[in-house]
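Structural overview
The lines below spell out each chain.
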Amino acid sequence: YIRTSSDTYTWGSEGLVGYQTSSAKRYRKAFTFDLSTIPSIATITECKIIYWAGNECGVQDGAFRFTEMPYNWPTYWGDYQTVYDLISSGNLINTESINYYMEYTTDLSDYTDVIQDAIESQNPEIGLGIYNQYEGASYGSSIESYRLKVTYTLPTPPAPTNLRIPDSTITAGSMTLMWDALGGDVTGYKVYKNGSLLWNNIKYSNANM
């Protein structure tokens, strides 16, 4: 069988997206997510970002645009223009219309190939940019409580080898099942007797029956 798991990530502080203030400064957001909790042998199947956003600019709140960014974008405040340009110039992943204050879930499955490459690399991190496509017209919204959810599958590990019951462990009421455990991603085995689970998550040769 194929095991399916998902990890959720948050980053940084909450803030504004796409606002134009009285000083004509527009806000955009950039994120870096460390995906090192995902095993490198995983296959990425889905990515979503979940967040709260809404009508802090009245009824014309525009739409959020999510873009691809390098994970190591500049964080020094003096580089704000560089980051500002990176956010809007990155490959568009998806767009979400923002209508009123509520929780939104935006599909970022077009980003799964980037995530796959990241977890297989020496730097399992990704960058994500977000801005409001109508920011020049003073449209915008806030973004709060955001988290990136990445779903992936893990291959079924091979069966253990050298399955055996040593004669020395056999008694009138019990016996010990032994095997050679495999390394890598294997965390344990389930031992069944006549279809009923006896032991769960046993890694080493130590299952008394």
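Higher on the page you've got the structure.
Presented here is a report on the structure given in the accompanying data block.

Quick notes on the rules
- What you see as residue numbers is a count from 1 along each chain, following the sequence as written.
- The model is predicted, so local features are restricted to residues of pLDDT at least 70 and side-chain atom pairs to those at 80 or more, both for listing and for counting; the totals for chains, interfaces and linings are taken over all residues.
- The side-chain numbers reported here are obtained from all heavy atoms of the structure, hydrogens and water having been left aside.
- Segments assigned H or I by DSSP are reported as helices when at least four residues long, segments assigned E as strands when at least two residues long, and all are numbered from the N terminus.
- Per-residue accessibility, obtained with a 1.4 Å probe over protein chains only, is compared with the maximum for each type, and a residue is labelled buried under 20%, exposed over 50%, and partly exposed between these values.
- Should any heavy atoms of two residues lie within 4.5 Å, those residues are considered in contact.
- In short, Shrake-Rupley with a 1.4 Å probe defines the accessible areas, and a residue's cover is counted only from the protein chains shown.
- Any pair of Phe, Tyr and Trp rings, taking the six-membered ring for Trp, is counted once the centres come within 6.5 Å. Such a pair is stacked with planes under 30 degrees apart, edge-to-face with planes over 60 apart, and tilted for the rest.
- We count a charge as sitting over a ring when the NZ of a lysine or the CZ of an arginine lies within 6 Å of the ring centre and within 35 degrees of the ring normal.
- Summarising the geometry, the arc corresponds to the directions from the helix axis toward the C-beta atoms.

Of regular secondary structure, the chain possesses 2 helices and 15 strands. For the chain, the proportion of its 209 residues judged to be buried stands at 35%. For the chain, the share of sequence-separated contacts (at least 6 apart) that also reach a separation of at least 24 residues comes to 73%. For the chain, the exposed area adds up to about 11,600 Å²; of that, 48% sits on carbon and sulfur atoms.

What follows is about the packing of aromatic side chains. Tallied over the full model, the rule gives 7 aromatic pairs. Centroid distance F31 to F33: 5.9 Å. Interplanar angle 20°. Geometry classified as stacked. As far as the burial class goes, F31 and F33 line up, both buried. An aromatic cluster of three or more residues is present, and its members are Y51, F64, F66 and Y104. Sitting over the face of the ring of Y84, R28 holds its NZ or CZ atom 3.6 Å from the ring centroid. Positioned over the ring face of Y131 is R28, at 5.0 Å from the centre of the ring.

Along an α-helix, a turn takes 3.6 residues, which lines up residues three or four apart on a common side. Restricting attention to buried positions, one finds in helix 2 (residues 112-119) the residues T112, I115, Q116, A118 and I119. For helix 2, the buried positions fall inside an angular range of 160° around the axis, keeping them on one side. Among the exposed residues of helix 2, those oriented more than 90 degrees off its buried face are D113 and D117.

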